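Coordinate inspection notes
Spelled out, the chains give:
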Amino acid sequence: MRKLQEAEGLDQLIEAGSSGYFPLFYQDWIHESCADQIEVKKMSFSRAAETVHRVYKLMERHHSLDRKKTAIGAMKSDERKDFVLSFMKMVEYRALDKVKELH
């Protein structure tokens, strides 16, 4: 049951991200993490998914988005950057899947 809740919550956040809404992140974190586009392009989907699932599992005990943001803010800068980049990669793949469905 918990895995299902985690998957649904994460899926909703990724879906929101594919619409341009990122409730887990402050704009500063996104700009800081995505400044180096080369790292985003080199990251594999499997590595990104592993990172996102690992971090999200640690945050799942926090039920509100504000508490999840606080937990992300408490992370070391490099860990947070890696999580944001990984999340963006998953959003990118979701968006690409939608485009493929349209064809």
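Summary of the structure given here. Once a new chain begins, its residue numbering starts again from 1 and follows that chain's sequence as written. Only residues with pLDDT of at least 70 are given local features in this predicted model, and only at 80 or more are side-chain atom pairs given and counted; all residues enter the totals for whole chains, interfaces and linings. Derived side-chain values reflect all non-hydrogen atoms in the structure, with water molecules and hydrogen atoms excluded from consideration.

**Structural notes on the overall build of the chain**
This is how the line gets drawn: Every helix listed is a DSSP run of H or I at least four residues long, and every strand listed is a run of E at least two residues long, numbered separately from the N terminus. Three labels apply to residues, based on accessible area from a 1.4 Å probe with only protein chains included: buried if under 20% of the type maximum, exposed if over 50%, partly exposed otherwise in between. By definition, residues are in contact when any of their heavy atoms lie within 4.5 Å.
Secondary structure assignment for the chain yields 6 helices and 0 strands. Walking the chain from its N terminus toward its C terminus, one meets helices and strands in the order α-α-α-α-α-α. When each of the 103 residues of the chain is scored for burial, the buried share is 39%. For the chain, restricting intrachain contacts to residue pairs at least 6 apart in sequence, the fraction spanning at least 24 positions comes to 85%.

**Regarding the nonpolar core**
Quick reminder of the rule: In plain words, nonpolar cores are sets of buried Ala, Val, Leu, Ile, Met, Phe, Trp, Tyr and Cys residues tied together by side-chain atoms within 4.5 Å.
Membership of the largest hydrophobic core comes to 25 residues, with the highest contact counts inside it found for F22, L24, F25, M59, I72, F83 and F87. Elements with a contribution of two residues or more to this core: α1 (2-18), α2 (27-34), α4 (45-59) and α6 (77-102). If you tally residues by element for this core, the top one is α6, at 7 residues. Residues within four places of M59 in sequence aside, it is in contact with L24, K68, A71, I72 and F83.

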